[in-house]
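Take a look at the letters that make up each chain.
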Amino acid sequence: MADPAGKPKVAFYWCASCGGCEEAVVDLAEDILKVVDAVDIAFWPVALDFKRADVEALEDGALAACFINGAIRTSEQEEMAHLLRRKSGVLVAFGSCAHLGGIPGLANLFDREAILDRVYRTAPTVDNDDGTRPQVRAETPEGRLTLPEFSDTVRTLDQTVEVDYYLPGCPPPVGLIVDAVTAILEGRLPPRGSVLAPDVALCSECPRKTTKPERLLLKELRRPHEVLMDPETCLLAQGLLCLGPATRGGCGAPCVSANMPCTGCLGPTSRVRDYGAKALSALASVVDSNDEAEIAAVMAQVADPVGTFYRYSLPASLLRRRARRHAPAGGGVSS
Amino acid sequence: MREPEISPDGAVRVGVYICHCGTNIAGTIDVRAVTEYAATLPHVVVARDYKYMCSDPGQTLIQQDIRDHHLTRIIVASCSPLLHEHTFRAATAGGGLNPYHFQMVNIREHASWVHEDRQAATEKAKDLVRAAVFRVYFHEPLERREVPINPDVLVVGGGIAGIHAALTLAGARKHVYLVEREPSIGGHMAKFDKTFPTLDCAACILTPKMTAVRTNPHITLWTYSEVVGVEGYVGNFKVTVKRKPRYVIEDLCVGCAECIEACVYKAARFPDEFNLGLGKRKPIYLPFPQAVPLVAVIDPETCIEFKSGKCKKTCVEVCGERNAIDFTQEEHTETIEVGTIILATGFQVFDAKRIPYYGYGVYPNVYTALEVERLVNASGPTSGEVVLRDGRTPKSVAIVHCVGSRDENTNRYCSRVCCMYSLKLAHLIKEHTDAEVYNFYIDMRTPGKGFEEFYNRVAEEGTQLIRGKVADVYPEPGDGGRLIVQAEDTLLGKVRKIPVDMVVLAVGLEPQADAQDVRRMFNITCSTEGFFLERHPKLAPVNTFTDGIFLAGACQGPKDIPDTVAQAGSAAAEALALIDAGTVELEPNTAYVVEEACSGCKTCVPLCPYSAISFMEATQKAQINEVLCKGCGVCVAACPSGSIRQHLFQDEEIFEEIKGVLAHA
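Throughout this document, residue positions are counted from 1 along each chain, in the order its sequence is written. Labels are handed out in written order, letters beginning with A for the chains and numbers beginning with 1 for the ligands. A pLDDT threshold of at least 70 governs which residues receive local features in this predicted model, and a stricter bar of 80 or more applies before side-chain atom pairs are shown or counted, although totals over entire chains, interfaces and linings include all residues. For side-chain calculations, the full set of non-hydrogen atoms in the structure is used, while hydrogens and water are omitted.

**Topic: the overall build of chain B**
In step 1: Along its length, chain B carries 17 helices and 34 strands.
In step 2: C-alpha atoms of chain B, sized along the principal axes, occupy 95 × 70 × 40 Å.
In step 3: Within chain B, the fraction of its 665 residues that count as buried is 56%.
In step 4: Relative to all contacts within chain B whose residues are 6 or more apart in sequence, the contacts with residues 24 or more apart total 68%.
In step 5: Summing over all exposed atoms, chain B offers an accessible surface of approximately 28300 Å²; the carbon and sulfur share of this is 51%.
In step 6: Between the centroid of the 68 positive side chains of chain B and the centroid of its 83 negative side chains there is a distance of 3 Å. Under the DSSP-based scheme used, a helix requires at least four consecutive residues in state H or I and a strand at least two consecutive residues in state E, with every element numbered from the N terminus. For the exposure calls, accessible area comes from a 1.4 Å probe over protein chains only, and a residue counts as buried if that area is under 20% of its type's maximum, exposed if over 50%, partly exposed in between. Throughout, a contact is declared for two residues whenever any of their heavy atoms are within 4.5 Å. Per-residue and other accessible areas follow the Shrake-Rupley method at a 1.4 Å probe size, with only the shown protein chains counted as cover for residues. By the counting rule applied here, Lys and Arg register as positive and Asp and Glu as negative, while His and the ends of each chain are not counted. Throughout, a charge is located at the NZ atom of Lys, the CZ atom of Arg, the CG atom of Asp or the CD atom of Glu.

What follows is the structure, encoded as C-alpha cells:
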C-alpha cells in the first residue's frame, strides 16, 4: 500500500456538498504540512490535478485511507464512491453530508421531478421558454454528450458503499480531523463503524452548562433574532431551541460560544437511531403545558420543523424521505 | 448491541406456545398454522399448541420443555398479559429460568376477538408471534424489588363510601386520614330523606357512622380540605393536603351555635349550600344540624368583617373565653405519608339546565330530585312540608325519569338509581301531600333486592306510571300557575298532556366536575363517561391501574348505597391485604442512566412524575432512584442523547419487536 518512499497514500473526494469540508482540511493550517509530510496524496480533485484514470490505475486497496465528503445524489458520485471504496483500506465518511445526508439531504422532501421543474422552469429567475432540461445523453453534430444522472433520493455514503469510519460535523471540527488522521496513521483505530468523536452530548462540554436550571420547562420558543441574548446563560433557558442536548459533542461548542444555538451538525450519539425524532421527543417533553391547544401553539413556534430537527440527517433517518405518491419516472434510484 | 443471555451450550433457545383458549382463539385463528410458522423462526427450538396454556398441564408442558430442550426463552401466545403474564412468568421461573426471559403475545384481544377473517387473523397472529421471537432474544435477566408498605391509609371523600372504608380500616386499627372537601362529612346521603327500597331514614343510618368517624382514635378527619399533590408509589405515597380556613378553630368550637344566633345579621339571608339554595343561612353557619365535625364555618364572601373590617363582631363577643373565632386563619398545607389510597370522591348530579325544554331554572315549580329530597326532609328548609316556592301545596306532581341519562344528547348511560329514587319520591310526596303523582319513565329498571316489590307497592298506592319520555314542559295557558307535561304514552300510543303543579326532574349521576384533574393527580384513568376506571370490570372492580390506589362508590360509576358500601368495604379489604403483607414487590422495568453517556443536560429532571430523578452536583450527571422509578418511560423517551435506558424496554427489544411485526413473510 505504501509508495516507494514508504508513505501511505490517501485520497480526498467530494460528492454532493458545499465545499466547506475541503475548507476544513485546509483549516488544519500548519498541521496540514505534517499530514503532507506523513502521507502521499494520491487524489484530491479540489487541490491537485489527478484524474479518475489515475485512481482506476491504482491497485485495489492501494489507498491507505480515503476521505469522502458530500452526500450521494448523482450516478457519477455513486460510481466514484464504489471506485474509491474498492481502492481504499479505510474509507471515512467526512462531514455531515457523507455521514447523515446533510443539508443536501433536505432535498428528500421533494423528488427529482419537482426539483428539476423548480430549477429549470418555475423559479422566478429562470428564463427557459424552450423548457430545456439536462439530459443524461444528447446527440450533437460534434458527437454524443453525457451527464451524470440526477437521482430521486439523496443517500448517505453508507447507504451507497460500506463505510469504515465517520468524521461528523458541518464541517468536521479541526481537532477531530487531526485526531482521526493521527489515529489512522498510528493504527489506533476504534471498532469499525465508529463515529470518530466523543459519544456524549454537547452539554457536557458547553461553557454555559452550569447556568442551565435543574428544572427547565418551556412555555415559549424564540428564534435568535427575536431575543437580546445573554452571552453566558444556557440558550435553552433563554427560550432558544439549542440542540446541544441531542447532539454529539467534540466540537468545543463554537456556535454556542458565539451566541448561536447548536443546530446539531455532529448528529446523534451512538445510542440514538433517529436524530430528529429524538430531538423532537426531548423538546416535546419539556413543553410546560397540559393543554393541547397551548402545546400546539408552543410547537408552532418551531419554524420549519423538518429543517430544524432533520437539518443534517433526513436521509439517515428512519423516514429517509417524503413518501412518493407515484413511482419515480424512469431510472431514478429508489430508496 | 448487547449480547443476549445464552444457554449453557451457547445458544438462545426459544420455546413458543400457542394457546387455543378453547375456541376463543382457535375458533378464529388457525392455531396449527401459527405453531408451524413459529417453528421456522430463528432460535425457535420448540413450538407447540395446547388447548389451555394457563392450565396446570399447560404450565407443566413449558417446564418440561425447558428441561428437555434446554430452552432459554419462553413465549406464550394467548390472552392479555393483564390476565396471565404473571402466571407464565411464574411457570418460566418454575422451570428454572429468569421470569423475565418470558414474553407474552396477545392473540386473543388483539386478534381472534377483534377479527372475523380467519386467514387475516391467522396472519396477524404470526406477525405478533414473530415480533415476540425477535424481541425475546434480547431479554435480560431481571430481579423484582421488594419495598415496605406504610400502614397508614388515605381516604379521599367523606360520603358514605369514604366513611365506610375509613371505619372498616380503622376497625382493623389502621390509621386513616379521611379528607373531605366540604365542611362536613356525609356527602349526598346526608341530604337524602329516606332510602329505597326499605324507606329507612337516611340520617338515622348515616349519622351514627359519621359520629363513629369523629370519635375513632384511628381516624384523622380533615374536612374543608383537598388533596393537591400526590407523589410516590404503592406502599409509599406522599400526599399534600390543602386545608382551607374556616375562621373557626376546630379544636375550640363546640358547635353551640351561639355565634350564629349572635351574628349581626338578624335573619339568615344567604343561600344555604346544604339545602341547595332552598333555605337561607348567615355568614357564620353550621352546614347542617348533624354535621361532623360540628364546627361553625365563616363564609368570607358574605361576612361583614371580611368585606369591610368594620363589623361589631358580636360572634366573637358571644364566643367569649372559648375564643374559637379567628379571622386571621389562613389556608395551609399538610404533608402526610400513606401506603394506600382509597378514592371515594363521589358524583355530581346532572345539571338540569342542560335540557332547556324541561324548564328548570325558568319555571319556579320545576325542581330537581335532590331539591325534593330536602323538601320532604324534616330538617330541610320547609321542615318536611312539600310546598311550592309560593307556599302552595301541590295537588299534582310529575316525576320525569332519565333526565341526563339514556339520552344521546347528554349521557348515554343509565344512572342506575333514578327509577328507584323516583318511585321513592312518588311515595314520599303522596304521603306528605296526598297529591296525584305521575311518573314518566322510559323503562322501569328495578333489578335489586326488594326493588321490584317496592315498585309494585308504589304502583298499588296509586301512583300513575306512564311509559313515555317527556318531550316538553310548558306553562298552562291562563294564570293557574300549572305546568303541562307532554309525553307520548307508548303503551297507549297517544300523546298525553298532563297539567301539574310541580315537576320533579330525576337527574342522573355524573362524574365530579374536576374528575379529570383528580385522575391526573392520582395517575389513574377514566372511562369514556369520565368515571374513574377500574382495573378490570369483573376481576379487579375496586383496583385502579395504579397499584395501591382503590376506588369506592359513585366515583367509579353510578351506584346505590348498598353497592357503594359493599364496594367501600372491598376497597378497604384490598388496602388491608397490602398492608398486612407488609411489603410489596415492584416490577423491575425501571429506567437507569448510563452514567458515562450522560451529558448532564438535565432534560429528564423535571419530567419524572415520581421525583425519582436527581441531578448529582459531584458528577454533573443525572441519577435515577430505582426504588422510586415506576417504569413509565417518560425520561427514556425524553433523554436527547439516548443515555437513559429501561429494563424490559431496551431500544434493541423495541426495535426488534417493530421489525418483527412489520417483516411480513
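The structure having been displayed, the exposition proceeds.
**Some thoughts on the overall build of chain A**
In step 1: Broken down by element type, chain A carries 11 helices and nine strands.
In step 2: The reference for a compact globule is 2.2 Å times residues^0.38; the radius of gyration itself is calculated from the C-alpha atoms. Computed over C-alpha atoms, the radius of gyration of chain A comes to 22 Å, within 12% of the 20 Å expected from 2.2 N^0.38 for 335 residues, which places it in the range of a compact globule.
In step 3: Summarising its shape, the C-alpha atoms of chain A cover approximately 65 × 55 × 30 Å along the three principal directions.
In step 4: Within chain A, residue pairs in contact and separated by at least 24 positions form 74% of the contacts whose partners lie at least 6 positions apart.
In step 5: Of the accessible surface of chain A, which amounts to about 16400 Å², a share of 55% is contributed by carbon and sulfur atoms.

**Describing the domain arrangement of chain A**
Reports often express the size of an interface as the amount of accessible area lost when the parts come together.
Residues and elements named next belong to chain A.
In step 1: Note: domain ranges come from an automatic or database domain assignment. Here chain A is described as being made up of domain 1 (9–103 + 152–186), domain 2 (115–150) and domain 3 (202–303).
In step 2: Each of domain 1 and domain 3 has a C-alpha centre, and these two points are 31 Å apart.
In step 3: The partner domain 3 presents seven residues to the eight residues of domain 1 that form the contact.
In step 4: Each reported salt bridge corresponds to a side-chain nitrogen of Lys or Arg within 4 Å of a carboxyl oxygen of Asp or Glu. Inspection of the region where domain 1 meets domain 3 yields zero salt bridges.

**Quick look at the side chain of aspartate 193 of chain B**
All names here are of chain B.
In step 1: By secondary structure assignment, the location of aspartate 193 is in the loop between β7 (176–179) and β8 (194–195).
In step 2: In terms of polar contacts, aspartate 193 uses its side chain to reach the side chain of asparagine 377, at 3.5 Å.
In step 3: Excluding residues within four positions of it along the chain, aspartate 193 makes contact with Asp200, Cys201, Ala202, Glu373, Val376, Asn377, Ala378 and Leu428. In protein, a polar contact means a hydrogen-donor-capable atom and an acceptor-capable atom, both N or O and within 3.5 Å, with residues adjacent in sequence counting only if both atoms are side-chain atoms; elsewhere, any N or O pair within 3.5 Å suffices.

**Details of the sheet that holds strand β3 (residues 63–69) of chain A**
Residues and elements named next belong to chain A.
In step 1: Strands sit in the order β2-β1-β3-β5-β9 across an open sheet of five strands; the sheet is parallel. Strands at the two margins of the open sheet, each flanked by one partner only, are β2 (40–43) and β9 (165–167). For this sheet the average axis-to-axis angle between neighbouring strands, irrespective of direction, equals 30°.
In step 2: Bridging between strand β1 (residues 9–14) and β2 involves three bridges; their strand directions are parallel. If you follow lysine 9 over to β2, its bridge partner there is aspartate 40. Only strands joined by at least two bridges in the DSSP assignment are considered to pair. Note on definitions: angles span 0 to 180 degrees between N-to-C directions of axes, and those axes are lines fitted to C-alpha atoms, for helices only across the stretch in contact.

**Looking at the packing of helix α12 (residues 418–433) of chain B against helix α13 (residues 451–460) of chain B**
Residues and elements named next belong to chain B.
In step 1: The interhelical angle for the contact between α12 and α13, taken along N-to-C directions, is 35°, at an axis separation of 10 Å. Judged by the twist between their axes, the crossing of α12 over α13 is left-handed. Between α12 and α13, the contacting residues are Met420, Leu423, Lys424, Ala426 and His427 on the first element and Phe451, Phe454, Tyr455, Arg457 and Val458 on the second.
In step 2: Ten residue types, Ala, Val, Leu, Ile, Met, Phe, Trp, Tyr, Cys and Pro, are classed as nonpolar, four, Asp, Glu, Lys and Arg, as charged, and the remainder, Gly among them, as polar. Counted by class, the contact of α12 with α13 contains seven nonpolar, one polar and two charged residues. Crossing handedness is read from the near helix: turned anticlockwise from the far helix by less than a right angle, it gives a left-handed crossing, and turned clockwise, a right-handed one.

**So, the interface of chain B and chain A**
In step 1: On the chain A side, the residues contacting the 26 residues of chain B number 25 residues.
In step 2: Note on definitions: buried area is the accessible-area loss of two parts on being combined, 1.4 Å probe, summed for both. Of the roughly 2100 Å² buried where chain B meets chain A, counting both sides, 55% is carbon and sulfur surface.
In step 3: Three residues, Lys602, Pro606 and Pro640 of chain B, lead the burial of chain B against chain A; their summed loss comes to 25% of the area buried on that side.
In step 4: Inspection of the region where chain B meets chain A yields zero salt bridges.
In step 5: In this assembly, chain B and chain A are joined by 12 residue pairs in polar contact (both at pLDDT 80 or more).
In step 6: Of all the secondary structure elements, the ones that give two or more residues to the side of chain B that touches chain A are α16 (634–638) and α17 (651–662) of chain B.
In step 7: Classifying every residue of the side of chain B that touches chain A gives 14 nonpolar, seven polar and five charged.

**Quick look at the nonpolar core**
Across soluble globular proteins, you tend to see nonpolar side chains buried next to one another.
In step 1: In plain words, nonpolar cores are sets of buried Ala, Val, Leu, Ile, Met, Phe, Trp, Tyr and Cys residues tied together by side-chain atoms within 4.5 Å. Counting 57 residues, the largest nonpolar core has Tyr421, Phe440, Met502, Val503, Val504 and Leu505 of chain B as the members making the most contacts within it.
In step 2: The biggest single contributor to this core is α12 of chain B, with nine residues.
In step 3: In this structure valine 504 of chain B touches Tyr367, Thr368, Ala369, Val372, Val397, Ala398, Ile399, Val400, Leu425 and Ile429 of chain B, once residues within four positions along its chain are discounted.
In step 4: Residues Val10, Ala42, Ala197 and Tyr312 of chain A belong to the second largest nonpolar core, which totals 51 residues.

**Thoughts on the pattern of salt bridges**
All names here are of chain B.
In step 1: Using the criterion set out here, one finds 61 salt bridges over all chains in the structure.
In step 2: Between aspartate 563 and arginine 416 there is a salt bridge, and its shortest N-O distance comes to 2.4 Å. Taken together, the positions of aspartate 563 in helix α15 (residues 561–581) and arginine 416 in the loop between β21 (396–403) and α12 put the pair 147 residues apart, joining distant regions of the chain.
In step 3: For aspartate 563, a relative accessible area of 31% gives the class partly exposed.
In step 4: Judged by relative accessible area, which is 44%, arginine 416 ranks as partly exposed.
In step 5: Linked through salt bridges whose partners overlap, the residues forming this network are Glu85, Arg89, Arg144, Glu585 and Glu587.

**Some remarks on unusual backbone geometry**
The phi angle of most residues is negative, glycine excepted, and most peptide bonds adopt the trans form.
In step 1: Cis geometry is adopted by the peptide bond preceding proline 197 of chain B, which originates at phenylalanine 196 of chain B and carries an omega value of -10°.
In step 2: If you trace the backbone, proline 197 of chain B turns up in the loop between β8 and β9 (200–201).
In step 3: In this structure, proline 293 of chain B follows valine 292 of chain B across a cis peptide bond, with omega equal to 0°.
In step 4: Within the element layout of this structure, proline 293 of chain B appears in the loop between β15 (284–285) and β16 (297–298).
In step 5: Located in the positive-phi region is arginine 320 of chain A, a residue other than glycine, with phi close to 65°.
In step 6: The topology assignment puts arginine 320 of chain A in the segment after α11 (305–309).
In step 7: In this structure, asparagine 523 of chain B is a non-glycine residue whose phi angle is positive, near 55°.
In step 8: With respect to the helices, strands and loops of the structure, asparagine 523 of chain B is situated in the loop between α14 (515–522) and β29 (549–551).
In step 9: For asparagine 523 of chain B, a relative accessible area of 40% puts it in the partly exposed group.

**Regarding the confidence of the model for chain B**
Residue and element names in this part refer to chain B.
In step 1: The predictor's confidence in any single residue is recorded as pLDDT, a number from 0 to 100. With 98% of its residues at a pLDDT of 70 or more, chain B has an overall mean of 95.
In step 2: Across residues 1–6 the pLDDT falls below 50, and counting only partners more than four positions away or on other chains, this stretch makes 21 contacts in the model.
In step 3: Interface confidence for the predicted complex, expressed as ipTM, amounts to 0.91; the pTM equals 0.72.

**Here's the deal with a nonpolar patch on the surface**
Residue and element names in this part refer to chain B.
In step 1: Where nonpolar side chains cluster on the molecular surface, the patch consists of Phe649, Ile654, Ile658 and Leu662 and spans about 340 Å² of accessible area.
In step 2: As for its position among the elements, phenylalanine 649 is in the loop between β34 (644–646) and α17.
In step 3: Its relative accessible area of 36% is what places phenylalanine 649 among the partly exposed residues. Like charges within 9 Å and nonpolar side chains (Val, Leu, Ile, Met, Phe, Trp, Tyr) within 5 Å are joined into patches, using only residues over 30% in relative accessible area that form no salt bridge.

**Let's talk about the pairing of strand β5 (residues 145–148) of chain B**
Residue and element names in this part refer to chain B.
In step 1: Residues Arg145 and Val147 point to one face of β5 and are all buried, whereas Glu146 and Pro148, pointing to the other face, are not buried.
In step 2: Summarising the sheet, β5 and strand β30 (residues 583–586) pair through four bridges and their orientation is antiparallel. Bridge pairing in β30 links valine 147 to valine 584.

**Describing the packing of aromatic side chains**
All names here are of chain B.
In step 1: Working definition: rings of Phe, Tyr and Trp (its six-membered ring) pair if their centres are within 6.5 Å, and the pair is stacked with planes under 30 degrees apart, edge-to-face with planes over 60 apart, and tilted otherwise. Scanning the entire structure with this criterion turns up 14 aromatic pairs over all chains.
In step 2: When the ring of tyrosine 177 is compared with that of tryptophan 222, the centres are 5.6 Å apart and the planes differ by 45°; the resulting orientation is tilted. Remark: tryptophan 222 occurs in strand β10 (residues 219–222) and tyrosine 177 occurs in strand β7; sequence separation between them is 45 residues.
In step 3: Tyrosine 177 gets classed as buried once you look at its relative accessible area, which sits at 15%.
In step 4: According to the relative accessible area criterion, tryptophan 222 is buried, its value standing at 9%.
In step 5: Pairing phenylalanine 274 with phenylalanine 288 gives two aromatic rings, centres 4.1 Å apart and planes at 15°, and the pair type is stacked. Of the two residues, phenylalanine 274 is situated in the loop between β13 (270–271) and β14 (280–281) and phenylalanine 288 in the loop between β15 and β16; the sequence distance between them amounts to 14 residues.
In step 6: Residue class for phenylalanine 274 comes out buried when judged on its relative accessible area of 11%.

**With respect to α12 of chain B**
Residues and elements named next belong to chain B.
In step 1: To estimate how far a helix should extend, the number of its residues minus one is multiplied by 1.5 Å. Here α12 is 16 residues long and its end C-alpha atoms lie 21 Å apart, about the 22 Å a rise of 1.5 Å per residue gives.
In step 2: Summarising burial for α12: 14 of the 16 residues are buried, a large majority.
In step 3: Immediately downstream of α12, the backbone of aspartate 434 shows phi near 60°, a positive value.

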